[in-house]
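Secondary and tertiary structure notes
Each chain, letter by letter, is given below.
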Amino acid sequence: MTLVLPVLLLVLQAISTSGFITAVQSPTSTTAPIRTKNLVLSSATTDASSDTAVDVDPSEYDLSLFSPCKINLFLRILRKRPDGFHDLASLFQTVAFGDMLHLKLLDDDDDGSSTDDDEFMCNMEGVPLDRSNLVLRALDLVREKTGNTDKKFRANLVKQVPAQAGLGGGSGNAAAAMFGANELLGRPATHDELVEWSGDLGSDITFFLSHGTAYCTGRGEIMTPVRAPFGPVKLCIVKPDIGLSTPQVFGALDYDQLSKEDPEELLARFLEHGVDADGDDAYVNDLEQPAFDCLPELRELKEDLLQVKGFEHVMMSGSGTSIFCIGEADDMDGFLADFGSREGINVFPTEFISREDGEGVWFEKEWTDVNPYA
């Protein structure tokens, strides 16, 4: 696969502060040791729907990377494979709602010996702190593949993206960790090698090593970067607190109800017509049926969003439970007041972003600038 990787832009940002309590937890993994911390925020900032404020000093880290999430502009499920996975075809797009990953390469101890463990911190309760976390698995992978197994990191993951949202938050974190670790180790791996290795961690991680728009096939790990005439695109992501696991959604998939649309024809429509795609019928997600069957109130939420004047396209992202709304509501203040005040519903105004071409460039977005409507 040929892909030009923009490589690095240090995004050192001053993040607003809030009081926090540091709790040191014992690692649950029996593999390499890791020092873990969970930053417990004040009650006003623990919800993913609020402006996450964490006391992080970027100057204490070598590198700070914005970790965007994604939406699926279409998602076709083609077949179930003998290995139990599904072949899919989807157009992925990064958006400016995301997390921050701060990384530091730890120095050797004073006696010259190598530091024997990583340090990992995360602000969001419920995020695993052992090596089941994709950030730590990504660091392990880069170390193993590049022969730098003696190097350790401090990683501070500041999350806003909720879990079980269909937004690929964890996958984006893993891609940022791979990219950042490779940079701090002196770029021992090429971009193509990072892309190749990323498939070992999960299906969506490869995409986040693209420039931000890509046609993904296989399990999602076969990535073809594309240039679509999107221009500035505003959208709102609406996420109910309740989530659905990917296995749960696929387990409810009715293969007889799969779309018959040719995914390459859908792709061609987006590449020719941009986000309009020459009609709303290009917005296809084969996982809406099983997600809505599992969670009927999710179907009701989409129906309510379809009634909001001004939104051009409304569809669930990935396996859910987030629903994205392309465009701008005619009465944006009224929309935010209505849906933002509903119990168990979070609204995230955002916009499409991409990574610029050129050496030394990563996704860049101001941490607090996630509302393009403001």
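For the structure, check the block above.
Here's what I pulled together on the structure shown here. It should be emphasised that the depicted structure is a prediction, and the values quoted were computed from it without experimental measurement.

**Describing the overall build of the protein chain**
Scanning the protein chain for helices and strands turns up eight helices and twelve strands. The 374 residues of the protein chain split such that 57% are buried. Within the protein chain, counting contacts between residues at least 6 apart in sequence, those at least 24 apart form 74% of the total. When the accessible surface of the protein chain is summed, it comes to about 15500 Å², and 46% of that surface belongs to carbon and sulfur atoms.

**What to know about helix α7 (residues 296–306)**
Turning to α7, its buried residues number three or more, namely Leu298, Leu301, Lys302 and Leu305. The arc enclosing the buried residues of α7, seen along the axis, measures out at 100°, which places them on a common side. The inward-facing, buried residues of α7 contact β9 (234–240), α6 (288–294), β10 (311–316), β11 (323–327), α8 (332–340) and β12 (345–351).

**Focus on the nonpolar core**
Ranked by internal contacts, the top residues of the largest apolar core, which has 50 residues, are Leu101, Phe120, Val135, Leu139 and Met178. When contributions to this core are tallied by element, the ones reaching two or more residues are β3 (63–80), β4 (86–105), β5 (118–122), α1 (134–146), β6 (153–158), α2 (169–184), α3 (191–198) and β7 (213–218). Counting residues per element, this core draws most heavily on α2, which supplies seven residues. With sequence-adjacent residues up to four places away left out, Val135 is seen in contact with Leu101, Phe120, Ala155, Leu157, Asn173 and Ala177. Counting residues in hydrophobic clusters, the runner-up holds 30 residues, among them Ile71, Phe74, Leu167 and Ile326.

**Side note on the layout of surface pockets**
Each pocket or cavity is described by its volume, and for the largest pocket that value is around 1200 Å³. Lining the largest pocket are 47 residues, with Leu134, Gly168, Ser171, Asp204 and Thr246 positioned closest to its centre. Breaking the lining of the largest pocket down by element, the ones donating at least two residues are β3, β4, α1, α2 and α4 (246–251). If one sorts the elements of the lining of the largest pocket by residue count, α2 sits on top with four residues. Of the residues belonging to the lining of the largest pocket, the class tally is 21 nonpolar, 20 polar and six charged.

**Quick notes on the pairing of β9**
Taken residue by residue, a regular strand's side chains alternate between the two faces of the sheet. With six of seven residues buried, β9 is to be regarded as a mostly interior element. Direction of pairing for β9 relative to β12: antiparallel, over a ladder of seven bridges. Each bridged residue has a counterpart across the sheet, and for Ile237 the counterpart in β12 is Phe348. When β9 meets β11, the two strands line up antiparallel, connected through four bridges. The partner of Leu235 across the bridge, within β11, is Ile326.

**Looking at the packing of α2 against α3**
Running from N to C, α2 and α3 cross one another at 140°; their axes reach a closest spacing of 11 Å. It follows from the interaxial angle that α2 and α3 lie oblique. Crossing of α2 against α3: the hand is right-handed. Contacts between α2 and α3 involve Met178, Phe179 and Asn182 from the former and Leu194, Trp197 and Ser198 from the latter. Class assignment of the residues belonging to the contact of α2 with α3 gives a composition of four nonpolar, two polar and no charged.

Analysis parameters
Residues numbered from 1 in each chain as written. Predicted model: local features only at pLDDT ≥ 70, side-chain atom pairs only at ≥ 80, totals over all residues. Heavy atoms only, no water. Helix = DSSP H or I, 4+ residues; strand = E, 2+ residues; numbered from the N terminus. Buried < 20%, exposed > 50% of the residue type's maximum accessible area, 1.4 Å probe, protein only. Contact = heavy atoms within 4.5 Å. Areas by Shrake-Rupley, 256 points an atom, 1.4 Å probe, with all protein chains shown as cover. Arc of directions from axis to C-beta. Core = buried A, V, L, I, M, F, W, Y, C linked by side-chain atoms within 4.5 Å. 1 Å grid on protein atoms, 1.4 Å probe; cavity = no way out; pocket = protein on both sides within 12 Å on 5 of 7 lines; lining within 4 Å. Points joined across faces, edges and corners; volume = space filled by probe spheres on them. Nonpolar A, V, L, I, M, F, W, Y, C, P; charged D, E, K, R; others polar. Pairing = 2+ DSSP bridges. Axes fitted to C-alpha atoms, helices over the stretch in contact; angles between N-to-C directions. Parallel < 35°, antiparallel > 145°, perpendicular 65-115°, else oblique. Left-handed = near helix turned anticlockwise from the far one by under 90°.

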